[in-house]
Amino acid sequence: VRLPREISASEVKILSALAELGGNAIHRMHLLENALKQLERLRSLRTIDLAISSTLDLPTSLKVVLEEINTQLNVDAASVLLMKPDPKRLEFSAGRGFQTNRINATRIKIEEGIAGQVASDKKIVYIKDLAKSNPPFTRAALVKEEGFVSYYGVPLISKGKVEGVLEIFNRSPLRMDMEWLSFLDSLSWQTAIAVDNAQLFENLQRSNFDLELAY
């Protein structure tokens, strides 16, 4: 019977060197993956910047933003609810990734619902499991028909004013890290700028129209 032999000191050194080489290769691979991800996200932000600067058409800008959100954050669906006055409420403006039209009917009073809470408190709300949400998620039909599991609501704030709410829906638990959250923050900030720019332009057009009528 051949007995196992002891590993010599020189063999230990060789194995250690090989293990170190393998570890370095894996580390470099991770660094490359992170660099490529950062590059892709910078490209995404640039794409949104170009969309916002090249047009004051809000639906066009929001379409670009939502496409980048779904792709870069790897989420199933996203929507933008805009603030409306008299009475204050949130209304659906744009969405992507939904399998039904249920989201289009979204009308939420500020004092009601999770999205209303996001807008009134100016704070992010994350719900890991919508089935266990407390308070309950008011749009139960939307969640059931779409099969959503988790939710992320972000206030869209420009110049201290809440312009609306960015909503993210996923059909499985969201996988988040600090980079994911940081990128979402950048995207929500750009979305708020797009909304603010479009509304300023709309108000300017309305003022010019009123002046024309006056004269």
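Scope of this entry: the structure provided in the associated data block. (Residues numbered from 1 in each chain as written. Predicted model: local features only at pLDDT ≥ 70, side-chain atom pairs only at ≥ 80, totals over all residues. Heavy atoms only, no water.)

## Re a nonpolar patch on the surface
Consideration 1: A surface patch of nonpolar side chains, about 580 Å² in accessible area, is lined by Ile 7, Val 12, Ile 14, Leu 15, Leu 18 and Leu 21.
Consideration 2: Turning to its location among the elements, Val 12 is positioned in helix α1 (residues 9-54). (Patch = residues over 30% accessible without salt bridge, like charges linked within 9 Å, V, L, I, M, F, W, Y side chains within 5 Å. Areas by Shrake-Rupley, 256 points an atom, 1.4 Å probe, with all protein chains shown as cover. Salt bridge = Lys/Arg side-chain N within 4 Å of Asp/Glu carboxyl O. Helix = DSSP H or I, 4+ residues; strand = E, 2+ residues; numbered from the N terminus.)

## Looking at the pattern of salt bridges
Consideration 1: Applying the stated criterion across every chain yields a total of 6 salt bridges.
Consideration 2: The salt bridge involving Arg 89 is made with Glu 91; its shortest N-O contact spans 2.6 Å.
Consideration 3: For Arg 89, a relative accessible area of 24% puts it in the partly exposed group.
Consideration 4: Take Glu 91: its relative accessible area is 16%, and that puts it in the buried class.
Consideration 5: Of the charged contacts, one joins Arg 107 and Glu 91 as a salt bridge, the two residues approaching to 3.8 Å between their closest N and O atoms. Remark: Glu 91 occurs in strand β2 (residues 89-96) and Arg 107 occurs in strand β3 (residues 107-109); sequence separation between them is 16 residues.
Consideration 6: Taken together, the shared-partner salt bridges in this structure form one network comprising Arg 89, Glu 91 and Arg 107. (Buried < 20%, exposed > 50% of the residue type's maximum accessible area, 1.4 Å probe, protein only.)

## Brief notes about the sheet that holds strand β1 (residues 77-84)
Consideration 1: Spatial ordering of the open sheet is given by β3-β2-β1-β6-β5-β4, a layout of 6 strands whose pairing is antiparallel. Strands with a single pairing partner mark the edges of an open sheet, and in this sheet they are β3 and β4 (125-127). Across the sheet, the mean angle from the axis of one strand to that of its neighbour is 25°, orientation sign disregarded.
Consideration 2: As paired elements, β2 and β3 share 3 bridges and run antiparallel to each other. Across the sheet, the residue bridging to Glu 91 is Arg 107, located in β3.
Consideration 3: Helix-sheet contacts for helix α2 (residues 58-72) involve β1, β2 and β6 (161-170), and the interaxial angle to β1 is about 145°. (Pairing = 2+ DSSP bridges. Axes fitted to C-alpha atoms, helices over the stretch in contact; angles between N-to-C directions. Contact = heavy atoms within 4.5 Å.)

## Side note on α2
Consideration 1: With 15 residues, α2 extends 21 Å between its outermost C-alpha atoms, agreeing within 8% with the 21 Å of an ideal straight helix rising 1.5 Å per residue.
Consideration 2: Among the residues making up α2, those that are buried are Leu 58, Ser 61, Leu 62, Val 64, Val 65, Leu 66, Glu 68, Ile 69, Asn 70 and Gln 72.
Consideration 3: Directly beyond the C-terminal end of α2, a positive phi value near 55° is found at Asn 74. (Expected span 1.5 Å × (residues − 1).)

## A closer look at helix α3 (residues 113-121)
Consideration 1: Among all positions in α3, only Ile 114, Ala 115, Gly 116, Val 118 and Ala 119 are buried.
Consideration 2: At its buried positions, α3 is contacted by β1, β2, β3, β4, β5 (150-158) and β6.
Consideration 3: Positive phi appears at Lys 122, one or two residues downstream of α3, with a value of about 55°.

## What to know about the pairing of β2
Put simply, side chains in a regular strand alternate between the two faces of the sheet.
Consideration 1: The pairing of β1 with β2 spans 7 bridges and is antiparallel. Within β2, the residue paired with Ala 78 across the bridge is Arg 96.

## Focus on unusual backbone geometry
Consideration 1: Note that the residue after Asn 134, namely Pro 135, is joined by a cis bond; omega there is 5°.
Consideration 2: Along the chain, Pro 135 falls in the loop between β4 and α4 (140-146).
Consideration 3: Of note in this structure, Lys 122 is not a glycine but carries a positive phi near 55°.
Consideration 4: Among the secondary structure elements, Lys 122 is positioned in the loop between α3 and β4.
Consideration 5: Residue Lys 122 is classed as partly exposed on the basis of its relative accessible area, which comes to 42%.

## Concerning the environment of Gly 160
Consideration 1: Relative to the assigned elements, Gly 160 resides in the loop between β5 and β6.
Consideration 2: With 38 residues separating them along the chain, Gly 160 and Lys 122 place their C-alpha atoms 9.6 Å apart.

## Topic: the packing of aromatic side chains
Consideration 1: The tally for this structure, following the rule as stated, stands at 8 aromatic pairs.
Consideration 2: Judged by centre distance (5.5 Å) and plane angle (40°), the ring pair of Tyr 126 and Tyr 152 falls under tilted. Here Tyr 126, found in strand β4, pairs with Tyr 152, found in strand β5; they are 26 residues apart in sequence, far enough to count as distant.
Consideration 3: A residue is classified by how much of its surface remains accessible, and Tyr 126, at 32% relative accessible area, is partly exposed.
Consideration 4: With a centroid separation of 5.7 Å and 70° between ring planes, the pair formed by Tyr 152 and Trp 180 is classed as edge-to-face. Highlighted residues: Tyr 152 in strand β5 and Trp 180 in helix α5 (residues 178-214), separated in sequence by 28 residues. Of the two residues examined, Tyr 152 and Trp 180, each falls in the buried class. (Phe/Tyr/Trp six-rings, centres within 6.5 Å; stacked < 30°, edge-to-face > 60°.)

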